[in-house]
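Residue-level listing of the chains:
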Amino acid sequence: MAELYFLIYVIVFIVGAVSGLLYSYSIHLEPFVVKEKFNIPILIMAIIGWIFTLNFSLFSMIPSFILISIGVFLIGFVIDMRPGYGRKETIIGMIISILIWLITHCVIL
Amino acid sequence: MYNLMADILINVCLAFLFGSLLLGLHRKVMARVQLRPGPPLIQYLLHSLKFFFKESSWPKTISKPFYVAITVILCGIWVTGVIVGPVFKGSLMIIFGIYAVHKIVEHNSGSSSGSPYGKLSCVRAVFSASSELLLFASVALIYLLSHSMDIGAIINYQEINGPLIFKVPLLAIMFFTIIVTKAPYSPFSITTGKDIISGFETEHFGFLRGYIMLSESIMWYVLLWLFLCLFFGPISLLWILIGMIIITIITGFISAITPMLNPNHSVMIQFTIALICTVGTLIQIFV
C-alpha cells in the first residue's frame with residue numbers, strides 16, 4: 001500500500017514539475033537568467049508546499065495523504081521551474097519547514 | 001485483498017518514474033558541480049517519453065530481429081528485477097543473472113547495429129564484465145555472512161544482527177562500486193563513453209531508444225533499492241527513497257569530478273577494488 005501512495009506522490013510531483021516548467025518558460029523567454037530577488041507568489045508556494053509535506057501532522061483535520069499531495073505538487077512546481085529560477089524560494093521554504101518541524105517535534109516534546 | 005498484478009504494476013511504474021527523476025537529479029548535480037545551471041529534474045523522464053513518440057529509423061547495417069529484440073530484452077530483464085527485488089524480495093542469484101544478461105545486452109546491442117561505435121562498445125562490454133566480479137564477490141560474501149541468498153532473509157538477518165554496512169563496510173564499498181559503474185558518465189562507464197559517441201546507444205532511435213532509457217531508469221532504481229536493503233536492512237520505503245536520493249547525489253559528484261577511464265584502467269581498478277574489499281571482508285568475517 002505504501003508503494004501506491006508514493007507512486008501517487010511521484011506522479012503529483014511530476015505534474016507539478018511540468019506545470020512549473022511551462023509557467024516559468026511562459027514568463028521568462030529571455031535567453032539568459034534574469035537576476036531577481038524573490039518572486040513572492042513562488043516563495044509562498046514553496047513555503048506552503050514544504051510545510052504541508054514535512055509538517056502534515058500539524059493539520060490533523062485534513063487527511064495527510066491530501067496535504068502531502070498538495071505539498072509535493074507545490075514543491076515540484078517551484079523546484080523544477082526553468083533552470084536558474086525558484087532555487088532561493090525552495091531553500092527558504094525548506095529551511096522554514098525544517099525549523100517548524102524541529103520546534104514541534106524536538107522543542108515542544 | 002492482495003493483488004499481485006497490481007503490486008507488480010505499481011512497483012514497475014514507481015521504479016520507472018522515480019528512477020527517471022533520480023537520473024534527472026544525477027544530471028542536475030553534475031551540472032551544478034561543473035557550474036552550469038543544468039536541465040530540469042524531469043528532463044530524463046521527458047526524454048524517455050519523447051522517444052516513444054519519435055519516428056524510428058532503421059540503419060542499413062543492422063541485424064533487424066536482433067536489433068529490435070535486444071531492447072525489449074533489456075526492458076524485460078529489469079522489469080524482472082523489480083519483480084524479484086521490491087515485489088518478492090526473492091533470490092540474489094536471479095539479480096546476479098539479470099546483471100549478467102544486462103552485460104550480454106550491452107554486447108549484442110553494440111554488435112547488432114553494425115555501427116563502428118557500437119562495435120567498440122560491444123568489445124568494451126566484454127572488458128567491463130569485470131564489474132560482475134564485484135557483484136559475484138558481494139553475493140558470495142553476503143551468503144557467507146547470512147547463510148542465505150534470499151533478499152527477504154538477508155533483511156531479517158540484519159534485523160537481528162544489525163545492518164551489514166556497519167559490520168562489513170568494505171563489502172558495502174564493493175557493492176557501491178557496482179552502482180558507480182552503472183551511473184551515467186561515471187569513470188567506469190566505458191561502454192557508453194563519449195569517446196565512442198555513447199557506444200551501443202548510438203544507433204537506436206525512436207521507440208527503441210525509449211525502451212533503453214526506460215530500462216536504465218528501472219535499473220538505477222533496482223540497484224539502489226538492492227544496495228539499501230542489503231546493507232541497511234529493514235528500512236521503510238520512505239527511507240529507501242531518501243537513501244536513493246542521497247546515493248544519486250553522491251554518484252553525481254563522483255561522475256562530475258572524475259574523468260572517464262581508459263578501458264584497461266577501468267578494469268584494473270575494478271579488479272583492485274574487488275580484491276582489496278574481498279580480502280578485507282574475509283579477514284573481518286573470520287579473524
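Residues numbered from 1 in each chain as written. Chains lettered and ligands numbered in written order. Predicted model: local features only at pLDDT ≥ 70, side-chain atom pairs only at ≥ 80, totals over all residues. Heavy atoms only, no water.

**Digging into the side chain of lysine 182 of chain B**
Note on placement: lysine 182 of chain B falls in helix α9 (residues 169-182). In contact with lysine 182 of chain B, not counting residues within four places along its chain, are Tyr99, His102, Lys103, Glu106, Met219, Trp220 and Leu223 of chain B. (Helix = DSSP H or I, 4+ residues; strand = E, 2+ residues; numbered from the N terminus. Contact = heavy atoms within 4.5 Å.)

**Some words on the nonpolar core**
A general feature of soluble globular proteins is that nonpolar side chains tend to end up buried together. Core analysis: the largest hydrophobic core is formed by 92 residues, its most contacted members being Trp78, Phe175, Ile218, Phe227, Leu230, Phe231 and Met244 of chain B. Top contributing element to this core by residue count: helix α10 (residues 206-232) of chain B, with 17 residues. With sequence-adjacent residues up to four places away left out, phenylalanine 231 of chain B is seen in contact with Ile142, Gln158, Pro163, Leu164, Ile165, Leu171, Ala172 and Phe175 of chain B. Formed by six residues, the second largest nonpolar core is a distinct cluster that contains Ala46, Phe77, Val78 and Met81 of chain A. (Core = buried A, V, L, I, M, F, W, Y, C linked by side-chain atoms within 4.5 Å. Buried < 20%, exposed > 50% of the residue type's maximum accessible area, 1.4 Å probe, protein only.)

**Considering unusual backbone geometry**
All names here are of chain B. With a phi close to 50°, lysine 89 is a non-glycine residue in the positive phi region. Positive phi outside glycine occurs at tyrosine 185, with the angle close to 60°. Relative to the helices and strands, tyrosine 185 resides in the loop between α9 and α10. Since its relative accessible area comes to 37%, tyrosine 185 is described here as partly exposed.

**Some thoughts on the packing of aromatic side chains**
Residue and element names in this part refer to chain B. Inspection of the entire model under this criterion finds 16 aromatic pairs over all chains. Where phenylalanine 207 meets tyrosine 211, the ring centres are 6.1 Å apart and the plane angle is 70°; that geometry is what we call edge-to-face. One end of the pair, phenylalanine 207, and the other, tyrosine 211, are both in helix α10, four residues apart, so they sit about a helical turn from each other. The partly exposed category is assigned to tyrosine 211, whose relative accessible area is 26%. Here the aromatic cluster, defined as three or more aromatic residues joined through ring pairs, consists of Phe52, Trp58, Tyr67, Phe207 and Tyr211. Taking the ring centre of phenylalanine 51 as reference, the NZ or CZ of lysine 50 above it sits at 5.1 Å. (Phe/Tyr/Trp six-rings, centres within 6.5 Å; stacked < 30°, edge-to-face > 60°. Lys NZ or Arg CZ within 6 Å of the ring centre and 35° of its normal.)

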